[in-house]
Amino acid sequence: MRSPLAQGSLFGVALLIGVLLVGQLRSQARPTEISQLSAQELSELVDTLGARNRELRTGLADLRETLRDYRLTGTQGQSAVDVGREDLRRITAFGGLAAVQGQGIVLQIDGDLDAIALNDLLNELRNAGAEALAIDDVRITHRSVAIQGPVSLLIDGHQVGRSLTISAIGSPDGLLATMERPGGIIAQLQQFIDASIVATQSNQITLPATEADLAPTVAQPIE
Amino acid sequence: MVLLAAPGIGRVSAATPARRLRPHLTWAISIAAALAVVGFVGAIQWNSSLAREAFTTSAQQTLARQVTSLEAEQADLRQQIAAAEAEVRRFQQQSTTSSAVLDDLNRQLSAARLAVGLTRVRGPGVIVEIADSKRVVPDGENPANFIVLVDDLRDIVTALWASGAEAISINGERLVATSSIYGVGASVLVNTAFLSPTFRIEAIGPEGLLQRFQEHPAFRGRVAQRIEFFGLEFATQASSELTLEPFVGTTRFRWAVPLEEADE
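Calculation rules
Residues numbered from 1 in each chain as written. Chains lettered and ligands numbered in written order. Predicted model: local features only at pLDDT ≥ 70, side-chain atom pairs only at ≥ 80, totals over all residues. Helix = DSSP H or I, 4+ residues; strand = E, 2+ residues; numbered from the N terminus. Buried ≥ 20, exposed ≤ 12 C-beta atoms within 10 Å, placed from the backbone. Contact = placed C-beta atoms within 7 Å. Pairing = 2+ DSSP bridges. Axes fitted to C-alpha atoms, helices over the stretch in contact; angles between N-to-C directions. Nonpolar A, V, L, I, M, F, W, Y, C, P; charged D, E, K, R; others polar. Parallel < 35°, antiparallel > 145°, perpendicular 65-115°, else oblique. Left-handed = near helix turned anticlockwise from the far one by under 90°. Core = buried A, V, L, I, M, F, W, Y, C linked by C-beta atoms within 7 Å. Expected span 1.5 Å × (residues − 1). Bend = angle between axes of the 7 residues up to and from the residue.

K.L.:
Would you take a moment to explain the overall build of chain B for this structure?
P.N.:
For chain B, the helix and strand inventory stands at eight helices and nine strands. Expressed as a percentage of the 264 residues in chain B, the buried residues total 38%. Across chain B, contacts joining residues at least 24 apart in sequence account for 78% of those joining residues at least 6 apart.

Shown next as structure tokens:
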């Protein structure tokens, strides 16, 4: 037992047990490793990641255009102001701080919708590529969530009635197809809630800027 | 077993009295038991590997390679976007001394970036961690009940925003106006990133955020019950200083046009 050979053997056996046990535990973990997803899940993941990467490439191209403008104009004078203003328009539109207009879809909802269902609808629209959203006249920002109030649903402090409209700017075809696909969000919700949801395309949707003050009070910027 | 035990046992038998056989016999039994465990675990491991290999079709392998390739491409694109954003900010910072108009414009830009999640921020807040249950799934139970679902993350995020959070990130992915938390099978996509548990949700917000979060109906209604019933791993902690990275991704719209521009 005290001989180096015996100790080495014992160490080897212990190591082998450890490696095998880790391997076994890992094989029982959830299938979040890509190699363990089903073909259907992988196919959906490829589609989703492909679409997101296309968005990123477009965004990168636009950013490079802004940089080119800055380089051409230098950092002074009216041209630099114009580039900065354009950047400000982009950021305020992105975050809901500015009113926007464009094509998209409108969901007309009548009935009893709970907060979870309303938040799920917003999430699904975002996932389908909606660029800007509003419930009735309330612009949705990153901090907007539907909650159950004392008498009705509330979004950013505004009451939401039994009859409401969700407006989404984005690809009208893409948004409508996602919302109405068999087994999609509308089909799912209509099994569980007592409400009608009708989606229609629109060529011109106007969404207001948010009335909420999004300036943080405790989060401090790090430059 | 022969290779490990034979030399020792042989030496003992030849050079020591019988009373010294006992410790060596104990040792031999221990090694035999250990090797039996190795054999057992090894056999299970081998069988499960075979089953998984058989299940993985060539189509799955091709798709898995595509996913890996797309993830690598995405990491590269995000890096390039972050670098380009930083360069834009440098241009704007350099120009602050140029004129009062530019100075004012850059202040507005900084404020807008901060408000919508495009700036790195720090502040007090809470950390929430949630991971799959470690319980053995009982026969007849749905295994999906024992893993973190996309609904759990959405409920946690909803409760945090509703409790006054000013900035939230999930595994480093900052949530902005266009962010979705999306499930693909058992996996989760946030913004453009494919995330795996443990999910770490960090939120900066005013004092009392943790207590408000824990008491909020959006948390207590569904996810808190799943944590209790199915044993999802869950922990929360208040923090005096968190740092959240900015959103990295596209901030340019294709379909939505700022209204003043549309009017022109």
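K.L.:
I'm lost on the overall build of chain A in this one. Help?
P.N.:
Regarding its fold elements, chain A presents six helices and nine strands. Expressed as a percentage of the 223 residues in chain A, the buried residues total 39%. Long-range contacts, defined here as pairs at least 24 residues apart, represent 75% of the contacts in chain A between residues at least 6 apart.

K.L.:
How should the sheet that holds strand S4 (residues 181-184) of chain B be read in this particular structure?
P.N.:
Think of a sheet as strands paired side by side through backbone hydrogen bonds, with each pair either parallel or antiparallel. If you walk across this open sheet you meet the three strands as S4-S5-S6 (chain B), and the pairing is antiparallel. In this open sheet, the two edge strands, each paired with only one partner strand, are S4 and strand S6 (193-195) of chain B. Between one strand axis and the next, the sheet turns by 35° as a mean value, whatever way the strands run. As defined by bridge partners, S4(B) adjoins strand S5 (residues 187-190) of chain B across four bridges and the pair is classed as antiparallel. Directly across from Val184(B), in S5(B), lies its bridge partner Ser187(B). Contacting S4 and S5 of chain B, helix H2 (residues 39-73) of chain A runs over the sheet at an angle of about 145° to S4(B).

K.L.:
Looking at this structure, how should I read the interface of chain A and chain B?
P.N.:
Listed as interface residues are 93 residues of chain A and, on the opposing side, 103 residues of chain B. Partitioned by chemical class, the residues of the side of chain A that touches chain B number 42 nonpolar, 36 polar and 15 charged. Here strand S9 (residues 220-221) of chain A runs beside strand S1 (residues 121-131) of chain B; their pairing, made up of two bridges, is antiparallel. Among the inter-strand pairings, Gln220(A) is bridged to a residue of S1(B), identified as Arg122(B).

K.L.:
I tried to follow the sheet that holds strand S5 (residues 153-155) of chain A on my own but got confused; where do I start?
P.N.:
Residue and element names in this part refer to chain A. With respect to topology, three strands assemble into an open sheet ordered S4-S5-S6, the strand pairing being antiparallel. With one partner strand each, in any of the chains shown, strand S4 (146-148) and strand S6 (158-160) form the two edges of the open sheet. Strand after strand, the sheet turns through a mean of 40° between neighbouring axes, direction not considered. Across three bridges, S5 lies against S6 in antiparallel orientation. Of the residues in S6, the one forming a bridge with Leu-154 is Gln-159.

K.L.:
Any chance you could explain the pairing of strand S1 (residues 100-111) of chain A here in plain terms?
P.N.:
Alignment of S1(A) against strand S9 (residues 257-258) of chain B, held across two bridges, turns out to be antiparallel. Residue pairing across strands places Val100(A) opposite Pro258(B), the latter belonging to S9(B). With 11 bridges joining them, S1(A) and strand S8 (residues 195-207) of chain A adopt antiparallel strand pairing. Within S8(A), the residue paired with Val100(A) across the bridge is Leu207(A). In this sheet, strand S7 (residues 163-169) of chain A lies alongside S1(A) in antiparallel orientation, the contact comprising seven bridges. Paired with Gly104(A) across the bridge in S7(A) is Ile169(A).

K.L.:
Just checking my understanding: could you explain the pairing of strand S2 (residues 132-135) of chain A for this structure?
P.N.:
In summary, the side chains of a regular strand alternate between the two faces of the sheet. All names here are of chain A. Residue alternation in S2 divides its side chains into two sets, Ala-132 and Ala-134 and Leu-133 and Ile-135, and both sets are buried. Relative to S7, S2 runs antiparallel, the two being bridged by four bridges. Looking at S7, one finds that Ala-132 is bridged to Ile-169. Of the pairings in the sheet, the one linking S2 to strand S3 (residues 138-139) comprises two bridges and is antiparallel in character. By the bridge assignment for S3, Ala-134 is matched with Arg-139. Linking S2 to S3, which pair antiparallel, is a turn of two residues; within it Asp-136 sits at a positive phi near 50°.

K.L.:
Help me out: how do you make sense of the packing of helix H5 (residues 150-162) of chain B against helix H7 (residues 217-230) of chain B in this one?
P.N.:
For any two helices packed against each other, one specifies the inter-axial angle together with the distance between the axes. Residue and element names in this part refer to chain B. The N-to-C vectors of H5 and H7 enclose an angle of 150°; their axes lie 9 Å apart at closest approach. Comparing the axis directions of H5 and H7 gives the class roughly antiparallel. In this structure, H5 crosses over H7, and the sense of that crossing is left-handed. Between H5 and H7, the contacting residues are Asp-151, Asp-152, Asp-155, Ile-156, Thr-158, Ala-159 and Ala-162 on the first element and Ala-218, Phe-219, Arg-222, Val-223 and Arg-226 on the second. Per-class residue counts for the contact of H5 with H7 are six nonpolar, one polar and five charged.

K.L.:
Looking at this structure, I do not really get the nonpolar core. What am I missing?
P.N.:
A general tendency of soluble globular proteins is for nonpolar side chains to be buried together. In this structure, Ile156(B) and Leu160(B) are the most contacted members of the largest nonpolar core, which totals 113 residues. Discounting chain neighbours no more than four positions away, the residues touching Leu160(B) are Ala165(B), Ile168(B), Ile201(B), Ala203(B) and Phe213(B).

K.L.:
Would you explain the packing of H2(A) against helix H3 (residues 58-94) of chain B in this entry?
P.N.:
Contact pair H2(A) / H3(B): the axes reach a minimum separation of 8 Å and the direction vectors enclose 20°. In terms of their interaxial angle, H2(A) and H3(B) are classed as roughly parallel. In this structure, H2(A) crosses over H3(B), and the sense of that crossing is left-handed. Here the residues of the contact of H2(A) with H3(B) sort into 20 nonpolar, nine polar and eight charged.

K.L.:
Sorry if this is basic, but what is going on with H3(B) here?
P.N.:
Three- or four-residue spacings in an α-helix give side chains the same orientation, since the helix completes a turn every 3.6 residues. Taking 1.5 Å of rise per residue, the 37 residues of H3(B) would be expected to cover 54 Å, and the 54 Å separating its terminal C-alpha atoms lies within 8% of that figure. For H3(B), the full list of buried residues reads Gln60(B), Leu63(B), Ala64(B), Val67(B), Leu70(B), Gln74(B), Leu77(B), Ile81(B), Glu85(B), Phe91(B) and Gln92(B).

K.L.:
Any chance you could explain H7(B) here in plain terms?
P.N.:
Residue and element names in this part refer to chain B. Helix length check: H7, at 14 residues, gives a terminal C-alpha distance of 19 Å against a target of 20 Å (1.5 Å per residue), a fit within 8%. Maximum bend of H7: about 40°, positioned at Val-223. Residues of H7 that are buried include every one of Ala-218, Phe-219, Val-223, Ala-224 and Arg-226, and no others. The first or second residue beyond H7 is Gly-231, which carries a positive phi of 70°.

K.L.:
Explanation requested: the environment of Gln214(B) in the structure shown.
P.N.:
Residue and element names in this part refer to chain B. As for its placement among the helices and strands, Gln-214 is situated in helix H6 (residues 209-215). In this structure Gln-214 comes out as partly exposed when scored by C-beta crowding, with 15 C-beta atoms within 10 Å. Distance from Gln-214 to Ile-156, taken between C-alpha atoms, is 9.4 Å for residues 58 residues apart in sequence. Gln-214 has contacts with Phe-219 and Thr-236, leaving out every residue within four places of it along the chain.

Take it as geometry only, folks, not as evidence of what the structure does.
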